[in-house]
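One letter stands for each residue in the lines below.
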Amino acid sequence: MRLRTWCPVVIVFLFNVLAAEGAVFGRLHIVAASTDPGHGGSLTDDKSCRLEPSPQVMYLKVGHVHEISVESSVDAPQWYITNKNVATIEGTGRTVHIVGIARGQAEVVVSVLREGRVERATLSIRGVSSRYTVVGWLDGSEIRPQTVAPSASRALKDDLNGPLCSWLVVVRWLAWGSPTDIVTDADRLYAKAFLLSSASNPEPPPEIDDGYSSQVKQYKLYNDYQVDADDSVIHQSALMGETPSPCRIPKSASGDRHPNNDSVFWNENQTMLMHLNEARIGREAQRILRVIDPRGPSAGWIWSLVAVDKKGTAKARSAGFPSFRVYRDGVVCGEWKQEDLARFLKAGESSEVKLGEARRLKPEDLEEACTYQLR
Amino acid sequence: MYLSVALVLALASFSIDTPSQPDEAIRRDLILQFHREYAATKSPIDRLMIASKLARIGDLTYRRWLRKEAEKAVRNGREQQRSRFRIHFGPWKSYDPNEIAPTGSSTGRSPYEETIDVTAERKPSENETDVWRMFAFAASATPQEKRLLLRGLESANGLVSGSAALGLARLGEVKSIRDIKAAAQRHEEARPIFIEALVYLHDDFGTQTALELSGGDDSLIKSLQVIAESNHFDPFYLPNNH
């Protein structure tokens, strides 16, 4: 009795398993091979062309091209795509190219005539954005305290550039809280420029991989972002670098994270999905800043904003300070040089980007994330 | 008539010497704030600094502790100077003069005993703590405590010695100019601190000595003079006492 009840269920199950393996309806599969130089680039966990066995799904980045083919020895396969806004098929025959156009979902269907019977195979396409990484780094070569404040006092210059730099900065400024050696505005400017220049980063490389994010002394900000077909996020991290201490003190301090750091949000007219990376110098450095310039502006915020629209193209915006470098799938594709140091120092709190303001941004308020040609 | 004039003058001088009401209120607020900060922090460095700031505004709660910490720094500085000592091992067994002597034996001594010279080095963190100790003490030392500062000046640690020199400068101890100069000559790496201390003394002989120590660098001395003046000749000057 029990066997009679379960038998049809078992038969249906076995039938489905065999069908999935191609045993019942023949072996018609779509095989994807990447022809995109960016594919599998230096960023690991790259989902630009991931084929999952069942059901077959391909992650296709906007602007990227992949080769797909049908493996059966059949003639004149017919290809079509269900949503031409997401991708297009180029070419005919057993091997064609599929080009990512926009974020979204579609299906590529191939049909062949074999032994008088039509067989079909389907490949699901997820059109995703490229992976954008914006690295903020302090270019020390652009900050020369002597040029910024040539009239600063001799004693201050000697102390900061001499062997007793840490004695002045750590003991007297930080621990005791006394603005020793600081008398004039030029002294204040010199001291700030000196502290910033000693916290500079090396120039980011032309290509980065996931390991770069853990090298916290290489950057000030690290904004990593990739958006999926359905507006969910594939990659999202908003990190702050560690600031090396001045005066060759063997210590680093982490920055002060903005409460809105790592926020993902839509702009008001729902055209762009944005990711914010925002931070500033850490508590100890802020304390030193208050000591050397108690009436001056507080520490300024640095930030970068990456916005991906529904098509999957990216725009970005950053604070004018420090320098920023944009990477598409791990390869540098654009950059912004840091603006005038004095302007950043004067801006203080006003350099902060607020979520409300960011939400009101329109595409035309942002710049193209990538201004270089992909290599 | 004369009596009333004298009374008015006495009252006037009293009002000059006594802090005004708002100043006293600010001082009391500061004392409360420092006590709160002291209770809130566990960092020994922060505690030393707060204790010193309290002493500077007349709250002597931690005065004895500060002094003891400074004495520790002085003691450590002295120990550092005497850190070379000898250790004698053996004899490990009775000496037979006919036996072939092991290598490394000293002349006229059993080969089974040995004397070695040991140079002890203090841990860097302890040396650093000594600097904080002396710095905090020097920032709030009273003229009665100048002997401890003079002992600090003799420290083998350049920054401890430099902190003591700044403390002496704060007290206007012009009699210590020669001692400061001698300390500067002992601690080449910390020489700028001693030069600064001599300038803060605001004394012709001190300035002359500072100029000499700087190798005749007139522009450096002038720059230090401007700074010292803006800091009211207090090397530990704190705007608004905090």
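Since we're looking at a predicted model, the values are computed, not measured.

It is worth spelling out the overall build of chain B at this point. The helix and strand tally for chain B stands at eleven helices and two strands. Summarising the internal contacts of chain B: among those between residues at least 6 apart in sequence, 65% fall at separations of at least 24.

A few words on the overall build of chain A. Secondary structure summary: chain A contains eight helices and 21 strands in total. The contacts in chain A between residues at least 6 apart in sequence include a share of 66% that link residues at least 24 apart. Carbon and sulfur atoms form 52% of the exposed surface of chain A, whose accessible area is close to 17700 Å².

A word on the pairing of strand β7 (residues 104-114) of chain A. All names here are of chain A. In terms of residue burial, β7 counts as a mostly covered element, since eight of its eleven residues are buried. Relative to strand β8 (residues 117-128), β7 runs antiparallel, the two sharing eleven bridges. Within β8, the residue paired with glycine 104 across the bridge is glycine 127. Where β7 folds back onto β8 in an antiparallel hairpin, the turn is made up of two residues, including glutamate 115, whose phi is positive at roughly 50 degrees.

Here the focus is the state of the cysteines. Residue and element names in this part refer to chain A. Inspection of every chain in the model, using the stated rule, returns two disulfides over all chains. Here cysteine 333 engages in a disulfide with cysteine 370; their sulfurs sit 1.9 Å apart. Taking the sign of the S-S torsion, -50 degrees for the link of cysteine 333 and cysteine 370, the bridge is left-handed. Taken together, the positions of cysteine 333 in strand β20 (residues 331-336) and cysteine 370 in the segment after β21 (367-368) put the pair 37 residues apart, joining distant regions of the chain. With a relative accessible area of 0%, cysteine 333 lands in the buried category.

Attention shifts here to the interface of chain B and chain A. Between chain B and chain A, the residue contacts involve 33 residues of the former and 20 residues of the latter. Summed over both partners, the interface of chain B with chain A comes to about 2000 Å²; 67% of that surface belongs to carbon and sulfur atoms. Contact with chain A buries area across many residues of chain B, yet Trp132, Phe135 and Ile227 of chain B alone supply 23% of it, more than any other trio. Along the contact surface separating chain B from chain A lie two salt bridges. For the pair chain B and chain A, the interface holds nine residue pairs in polar contact (both at pLDDT 80 or more). Mapped by element, the contributors of at least two residues to the side of chain B that touches chain A are α3 (44-56), α5 (124-138), α7 (158-170), α9 (191-200) and α11 (218-230) of chain B. For the side of chain B that touches chain A, the leading source of residues is α11 of chain B, giving seven residues. By residue class, the composition of the side of chain B that touches chain A is 20 nonpolar, seven polar and six charged.

Looking now at helix α6 (residues 283-292) of chain A. Within α6 of chain A, burial applies to Gln286, Ile288, Leu289, Val291 and Ile292 of chain A. Looking at the buried side of α6 of chain A, the elements it contacts are α4 (165-175), α5 (185-197), β14 (256-257) and β16 (272-280) of chain A.

For the rest of this paragraph, the subject is the sheet that holds β7 of chain A. Residues and elements named next belong to chain A. The strand order across the open sheet built from four strands is β2-β8-β7-β4, with neighbouring strands paired in mixed fashion. Edge positions in the sheet fall to β2 (57-61) and β4 (78-81), since each of these pairs with one other strand and no more. Mean inter-strand twist for the sheet, computed between neighbouring axes without regard to direction, equals 25 degrees. Pairing of β4 with β7 involves four bridges; the strand directions are antiparallel. Bridge pairing links tryptophan 79 to valine 110 in β7.

Turning our eyes to something else, we now look at the confidence of the model for chain B. Residue and element names in this part refer to chain B. On average, residues of chain B score 82 in pLDDT, and 70% of them are at 70 or above. Note that residues 5-19 has pLDDT below 50 and, in this model, one contact with residues that lie over four places away or in other chains. Ignoring residues within four places in sequence, the model shows residues 101-107, a span with pLDDT below 50, making four contacts including any to other chains. Here the prediction assigns the complex a pTM of 0.77, and the interface score ipTM is 0.73.

Bringing the packing of α4 of chain A against α6 of chain A into the picture now. Residues and elements named next belong to chain A. Put simply, α4 and α6 touch, their axes get as near as 9 Å, and they point 75 degrees apart. Regarding the angle of α4 to α6, the classification is roughly perpendicular. Two secondary-structure elements touch here, α4 through Val169, Trp173, Leu174 and Ala175 and α6 through Glu284, Arg287, Ile288, Val291 and Ile292.

The rules we used
Note on numbering: residues in each chain are counted from 1, in written sequence order. Whichever chain is written first is A, and whichever ligand is written first is 1; the rest continue in order. In keeping with the model being predicted, local features are shown solely for residues with a pLDDT of at least 70 and side-chain atom pairs are shown and tallied solely at 80 or more, while totals for entire chains, interfaces and linings include all residues. As a rule here, side-chain values come from all non-hydrogen atoms in the structure, and water together with hydrogens is ignored. Helix numbers and strand numbers start at the N terminus; a helix is a DSSP run of H or I with at least 4 residues, a strand a run of E with at least 2. By definition in these notes, contact holds between two residues if any of their heavy atoms fall within 4.5 Å. Here the open area of atoms and residues is found with the Shrake-Rupley method and a 1.4 Å probe, where only the protein chains shown may cover a residue. Working definition: with a 1.4 Å probe on protein chains only, accessible area under 20% of the residue-type maximum means buried, over 50% means exposed, and in between means partly exposed. One requirement defines pairing of two strands: DSSP has to find at least two bridges between them. Two cysteine sulfur atoms form a disulfide, by the criterion used here, when they sit within 2.5 Å. Two parts lose some accessible area (1.4 Å probe) when they are put together, and adding that loss for both gives the buried area. Any carboxyl oxygen of Asp or Glu that lies within 4 Å of a side-chain nitrogen of Lys or Arg is treated as forming a salt bridge with it. Under the rule applied, a polar contact is a pair of N or O atoms within 3.5 Å (in protein, one hydrogen donor and one hydrogen acceptor; residues adjacent in sequence only if both atoms are side-chain atoms). In this classification, Asp, Glu, Lys and Arg are treated as charged, Ala, Val, Leu, Ile, Met, Phe, Trp, Tyr, Cys and Pro as nonpolar, and every other residue, Gly included, as polar. Inter-axis angles, ranging from 0 to 180 degrees, are taken between N-to-C directions of lines fitted to C-alpha atoms, where helices are fitted over the stretch in contact. As a per-residue quantity, pLDDT reports the predictor's confidence and falls between 0 and 100. Here the word oblique covers every angle except those under 35 degrees (roughly parallel), over 145 (roughly antiparallel) and from 65 to 115 (roughly perpendicular).

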